[in-house]
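Listed below, chain by chain, are the residues.
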Amino acid sequence: MQPFLKNVGFAIGIAVLAFSCSDDNGNDNVENESYNTTFKITDAPVDNAEIESVFVTVSDVKVNGTSLEGFNKTTFDLAALVNGQTKTLGNLQLEAGAYSDLELVLDYETDMDGNSPGCYVEMADGSKDKITSSASSIDIVDTFEVFASNTNEVVIDFDLRKTIKENQGTLETDFDFVTTSELSAGIRAVNKETTGEIEGTINDAENTSDKIVVYAYEKGTYNAEVETQGQGESNVRFANAITSAEASGLNNSFSLNFLSAGEYELIFVSYAQDGNQFYFNSTLEVESTTGLDLSALQITSALQLSANVTVTGTTSS
């Protein structure tokens with residue numbers, strides 16, 4: 001009996017040890033819990049008044065190399081997804097944690113219905129211009145968080161103002177994506193749960209502008225000398241703004257959406273119209289009607305901050 005009991009004890013000890021090692025190393029014997037995560041796409045507005053729509057065909061969306069569940073090749077009019085509007089891409093079961101490997105695979109040749117081209121700008125006159133790029137996919141450099149909850153919504157903000165450019169010196173209107181690095185930097189990804197928004201109106205009694213655009217910067221990062229000039233190979237103005245919104249309607253209302261928690265400053269910019277084109281005119285001096293410090297706006301999760309302002313003057317460009 002004693003040898004038998006020793007053998008049984010030895011076997012049990014080995015089994016316990018094996019289980020412990022598996023648990024410590026995260027092997028298949030211990031299954032980590034995963035959470036349903038929905039991926040959506042949105043856009044910040046493009047500056048060019050000649051542009052009616054911007055269609056982009058996405059053939060695949062991958063997180064850490066795994067394609068989204070339920071996603072089929074889809075063509076989006078990104079120019080319609082502004083002011084907080086989104087389009088659902090698909091879902092993945094993901095463990096809680098930080099992710100930084102998010103990839104959009106584009107089809108430049110054909111759209112979701114098999115028509116050519118796959119990515120293009122549609123002008124106000126109905127003409128189309130194919131968008132091209134040397135990159136077949138876009139690696140989004142932002143890190144986003146997945147929480148231990150089944151309400152995760154990751155929003156991909158495809159900022160058209162930063163990601164498409166008009167080629168100068170051509171006889172016909174011609175647009176392309178910016179460089180590969182600029183394209184990656186022009187798209188951000190955030191978990192909606194960690195974001196808030198700033199809404200407001202602009203009282204421009206002196207009618208200083210044909211169009212006003214509001215740019216949101218992380219506090220302390222706005223440099224007028226740099227931002228009012230074109231930056232990078234693609235000559236993008238206000239390139240370091242986190243997002244932007246065009247003032248519209250009778251009250252010049254604006255909405256800056258999906259801002260990660262933190263402190264922001266708002267820059268109000270005047271544009272003048274010449275034909276179908278809008279040109280940078282000046283930055284605007286504004287005053288909050290409720291006493292807010294527009295250079296230090298604190299955003300927390302799920303906060304909707306109201307920032308109504310009055311234009312008091314302009315700053316020459």
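Residues numbered from 1 in each chain as written. Predicted model: local features only at pLDDT ≥ 70, side-chain atom pairs only at ≥ 80, totals over all residues. Heavy atoms only, no water.

Engineer: Explain the pattern of salt bridges to me, using residue names and the numbers behind them.
Structural biologist: Under the defined criterion, the tally for this structure stands at 6 salt bridges. Glu-153 serves as the salt-bridge partner of Lys-40, at 3.5 Å between the closest nitrogen and oxygen. Residue Lys-40 is found in strand 1 (residues 34-42), and its partner Glu-153 is found in strand 12 (residues 152-158); the two are separated by 113 residues along the sequence. Exposure remark for Lys-40: the relative accessible area of 16% places this residue in the buried category. (Salt bridge = Lys/Arg side-chain N within 4 Å of Asp/Glu carboxyl O. Helix = DSSP H or I, 4+ residues; strand = E, 2+ residues; numbered from the N terminus. Buried < 20%, exposed > 50% of the residue type's maximum accessible area, 1.4 Å probe, protein only.)

Engineer: Can you lay out unusual backbone geometry for me, pointing to particular residues and giving the numbers?
Structural biologist: The omega torsion across Ser-116 and Pro-117 is 0 degrees, close enough to zero to call that bond cis. Position of Pro-117 relative to the elements: it lies in the loop between strand 7 (102-106) and strand 8 (120-123). The phi torsion at Asn-83 lies on the positive side, around 55 degrees, for a residue other than glycine. Positionally, Asn-83 belongs in the loop between strand 4 (74-77) and strand 5 (87-95). By relative accessible area, which is 47% here, Asn-83 ends up partly exposed. Positive phi, normally seen in glycine, also occurs at Asn-235, with a value near 60 degrees. In this structure, Asn-235 sits in the loop between helix 4 (224-227) and strand 18 (243-246).

Engineer: Any details on the confidence of the model for the chain? Residues and values, ideally.
Structural biologist: Mean pLDDT over the chain works out to 87, with 88% of the residues at or above the 70 mark. The low-confidence segment residues 1-30, where pLDDT is below 50, has 4 contacts with residues more than four positions distant or belonging to other chains. (pLDDT = per-residue confidence, 0-100. Contact = heavy atoms within 4.5 Å.)

Engineer: Could you give an account of the pairing of strand 2 (residues 51-63), with specific residues and numbers?
Structural biologist: Burial runs high along strand 2: 10 of the 13 residues are buried. Bridging between strand 2 and strand 8 involves 4 bridges; their strand directions are antiparallel. Note that in strand 8 the partner of Val-54 across the bridge is Val-121. Pairing between strand 2 and strand 4: 4 bridges, direction antiparallel. Bridge pairing in strand 4 links Val-58 to Thr-74. As defined by bridge partners, strand 2 adjoins strand 3 (residues 66-67) across 2 bridges and the pair is classed as antiparallel. Bridge pairing in strand 3 places Lys-62 opposite Ser-67. (Pairing = 2+ DSSP bridges.)

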